[in-house]
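Listed below, chain by chain, are the residues.
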Amino acid sequence: MSDIQRVAEQYIAVWNETDADKRRALVAEVFTEDAVYTDPLGAVTGHDGVDGFIAGAQAQFAGLRFSLPAVPDAHHDIARFQWYLGPEGAAEPLAIGFDVITVEDGRIKQVLGFLDKMPG
């Protein structure tokens, strides 16, 4: 498994971790301390910002899970990948997004997120 594949899988694991303490530990492991996360719904910086943003999304989409439908495309320290959000095992995701990440020393430094499909 490539380092980028591992980082992308860890990123998805952070979004799926609903235990606040475990999620916070994963955020610290996966993101740099000064990480920047930006998508159409918000922009945050640092571990507190990322953790709070994810907690808010989990509250809004309780019971849904993120998944990687394909292998990330990467070069240098940059990767892009699509993600799905929906009920576990669902044939059709409720939401689809596309993220671009910058990796520094094996951790995510920046996320630029795009939303392709969102529930009404």
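Residues numbered from 1 in each chain as written. Predicted model: local features only at pLDDT ≥ 70, side-chain atom pairs only at ≥ 80, totals over all residues. Heavy atoms only, no water.

Draft legend 1. Quick peek at the environment of Glu29. Position of Glu29 relative to the elements: it lies in helix α2 (residues 20–30). Measuring from C-alpha to C-alpha, the distance between Glu29 and Gly106 comes to 9.6 Å, with 77 residues separating the pair along the chain. Not counting residues up to four positions away in its chain, the partners in contact with Glu29 are Gln10 and Arg107. (Helix = DSSP H or I, 4+ residues; strand = E, 2+ residues; numbered from the N terminus. Contact = heavy atoms within 4.5 Å.)

Draft legend 2. Representation of the pattern of salt bridges. By the definition in use, this model includes six salt bridges. The shortest N-O distance in the salt bridge between Lys109 and Asp34 comes to 2.6 Å. Placement of the pair is Lys109 in strand β7 (residues 107–117) and Asp34 in strand β1 (residues 31–39), with a sequence separation of 75 residues. Lys109 sits in the partly exposed class, given a relative accessible area of 25%. Overall, Asp34 belongs to the partly exposed group, its relative accessible area being 41%. A salt bridge links Glu88 to Arg65; the shortest N-O distance between them is 3.3 Å. One end of the pair, Glu88, is in the loop between β5 (78–86) and β6 (95–104); the other, Arg65, is in strand β3 (residues 65–67), and 23 residues separate them in sequence. Overall, the relative accessible area of 67% leaves Glu88 in the exposed class. (Salt bridge = Lys/Arg side-chain N within 4 Å of Asp/Glu carboxyl O. Buried < 20%, exposed > 50% of the residue type's maximum accessible area, 1.4 Å probe, protein only.)

Draft legend 3. How the structure looks around the layout of surface pockets. Looking at the largest pocket, its volume works out to about 230 Å³. In terms of lining residues, the largest pocket is bounded by 20 residues, among which Trp15, Asp39, Leu41, Ala57 and Phe66 are the most central. When residues of the lining of the largest pocket are traced back to their parent elements, those giving at least two are α1 (3–16), β1, α3 (46–60), β5, β6 and β7. Among the elements that make up the lining of the largest pocket, the one with the highest residue count is α3 (four residues). (1 Å grid on protein atoms, 1.4 Å probe; cavity = no way out; pocket = protein on both sides within 12 Å on 5 of 7 lines; lining within 4 Å. Points joined across faces, edges and corners; volume = space filled by probe spheres on them.)

Draft legend 4. Quick peek at α1. Over its 14 residues, α1 extends 20 Å from the first C-alpha to the last, a length consistent with the 20 Å expected when each residue adds 1.5 Å. The buried fraction of α1 amounts to ten of the 14 residues, a majority that puts the element mostly inside the structure. The set of residues buried in α1 consists of Ile4, Gln5, Val7, Ala8, Gln10, Tyr11, Ile12, Val14, Trp15 and Asn16. (Expected span 1.5 Å × (residues − 1).)

Draft legend 5. Spotlight on α3. Taking 1.5 Å of rise per residue, 15 residues should cover 21 Å, and α3 covers 21 Å from first to last C-alpha, within 8% of that figure. Listed in full, the buried residues belonging to α3 are Gly46, His47, Gly49, Val50, Asp51, Phe53, Ile54, Ala57 and Gln58. Looking at the packing, one finds that the buried side of α3 touches α1, α2, β1, β2 (42–45) and β7.

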